[in-house]
Amino acid sequence: MIQIKNAKELEGMRRANALSAAALKYGGEHIEAGMTTWELDKLIYEFIVKHGGTPNFKGLYGFPGSACISLNDTVIHGIPSHDIIIRPGDIVSIDTGAKVDGFNGDNACTFPVGKVDLEAQRLLDVTKEALHLGIAQAKAGNRIGDIGHAVQTYCEEAGFSVVREFVGHGTGRELHEDPEVPNYGNPGRGPRLVPGMTIAIEPMICQYGPKVKTLSDGWTVKTKDGGLAAHFEHSVAILRDHTEIMTLGWEDPNFTL
């Protein structure tokens, strides 16, 4: 069932997502070649706790980290590890969130480590732009399919492909709520967007084919063909006259809590 938030609940969502955005920005700013993904995860954990939140990924469905940290051909759900070392030229996807006063934030960004090759940078640019094109369709009166159609069309026209097995979602008192928000679809189809809905829109885009595989750890999702993948995500609130990006802070160089 889709949960419609009232004004008080929306304020709670804003606080949780502001901290989530700050934690994501902090993590991105502290990526260094030579560090492990475990070290990066520890920094994110400490940041969230220091600012009064709880890392909502930690322990969720048994996930061991505070953030999903996914390198290069890992699409999502990379487990922080002492054995995974970040290297120059990598692209690093951080997906994390914070729980504050019973509400959940959620956001993601793929960061380049130093100078990356032109195709990797183009993948990042296209995926981030696709996120904002999807958000532009996330307005009262439209339907979920309008979001996915915008993302899919833009990415496929750029020569990339859209993961089908994993999608965006509603957010609220639970990190994952109805409705599902695919990154593909047909305009005018799916649940109608109404004021008070809060959803996470998160394009997961592949350099080559869209097929993915889950490793034996039960979490790590990689591209089947070994191509790169990018992941960008904002949590948004559908309001009567506009759509509010509650996690915009990770894009703002001047943003602080």
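For the structure, see preceding data.
Owing to the predicted nature of the structure, the values given are computational and were not obtained by experimental measurement.

1. Quick word on the sheet that holds strand β12 (residues 204–206)
One open sheet accounts for 3 strands, arranged β8-β12-β15; its pairing is antiparallel. If you trace the sheet from one side to the other, it starts and ends with β8 (161–162) and β15 (229–231), each paired once. Relative to β15, β12 runs antiparallel, the two sharing 3 bridges. Within β15, the position partnered with Met 204 by the bridge is His 231. Packed on one face of the sheet, helix α3 (residues 118–137) meets β12 and β15 and runs near 35 degrees to β15.

2. Structural notes on unusual backbone geometry
Each neighbour pair has its own omega, and for Asp 178 with Pro 179 the value is 5 degrees, a cis peptide bond. Here Pro 179 shows up in strand β10 (residues 177–181). Although it is not a glycine, Asn 72 sits at a positive phi angle of roughly 60 degrees. Here Asn 72 shows up in the loop between β2 (67–71) and β3 (74–76).

3. A closer look at the environment of Asp 217
Tracing the backbone shows Asp 217 in the loop between β13 (212–214) and β14 (221–223). Asp 217 sits 138 residues away from Ile 79 along the chain, and the two C-alpha atoms are 8.9 Å apart. Here the side chain of Asp 217 touches Trp 219 through a polar contact of 2.7 Å, landing on its backbone nitrogen.

4. Some words on the packing of aromatic side chains
Counted according to the given criterion, the structure contains 3 aromatic pairs. Ring centres of Phe 63 and Trp 219 lie 5.0 Å apart, and the angle between their planes is 75 degrees; on these two criteria the pair is classed as edge-to-face. One end of the pair, Phe 63, is in the loop between β1 (54–55) and β2; the other, Trp 219, is in the loop between β13 and β14, and 156 residues separate them in sequence. As far as the burial class goes, Phe 63 and Trp 219 line up, both buried. Residues Phe 232 and Trp 250 carry aromatic rings whose centres are separated by 6.2 Å and whose planes lie at 40 degrees to one another, so their mutual orientation is tilted. In this pair, Phe 232 sits in the loop between β15 and β16 (234–238) while Trp 250 sits in the segment after β17 (243–245), placing the two residues 18 residues apart along the sequence. No difference in accessibility class separates Phe 232 from Trp 250, as the two residues are buried. The cationic tip of Arg 164 hangs over the ring face of Tyr 184; the distance from NZ or CZ to the ring centre is 4.8 Å.

5. A short note on the pairing of β2
Taken across its 5 residues, β2 has 5 buried, putting it largely inside the fold. Of the two faces of β2, both are covered, the one formed by Ala 67, Ile 69 and Leu 71 as well as the one formed by Cys 68 and Ser 70. Here 5 bridges tie β2 to strand β4 (residues 91–96), and the two strands are oriented antiparallel to one another. Looking at β4, one finds that Ile 69 is bridged to Ile 94.

6. Observations concerning the sheet that holds β17
An order of β10-β9-β11-β16-β17 is seen for the 5 strands of this open sheet, with the pairing classed as antiparallel. Each end of this open sheet is capped by a strand with a single partner; those strands are β10 and β17. Neighbour-to-neighbour, the strand axes of the sheet open up by a mean angle of 25 degrees, direction not taken into account. Bridging between strand β11 (residues 198–201) and β16 involves 4 bridges; their strand directions are antiparallel. The residue of β16 that forms the bridge with Ile 201 is His 234.

About the cut-offs
Residues numbered from 1 in each chain as written. Predicted model: local features only at pLDDT ≥ 70, side-chain atom pairs only at ≥ 80, totals over all residues. Heavy atoms only, no water. Pairing = 2+ DSSP bridges. Helix = DSSP H or I, 4+ residues; strand = E, 2+ residues; numbered from the N terminus. Contact = heavy atoms within 4.5 Å. Axes fitted to C-alpha atoms, helices over the stretch in contact; angles between N-to-C directions. Polar contact = N/O pair within 3.5 Å; in protein donor to acceptor, adjacent residues only side chain to side chain. Phe/Tyr/Trp six-rings, centres within 6.5 Å; stacked < 30°, edge-to-face > 60°. Buried < 20%, exposed > 50% of the residue type's maximum accessible area, 1.4 Å probe, protein only. Lys NZ or Arg CZ within 6 Å of the ring centre and 35° of its normal.

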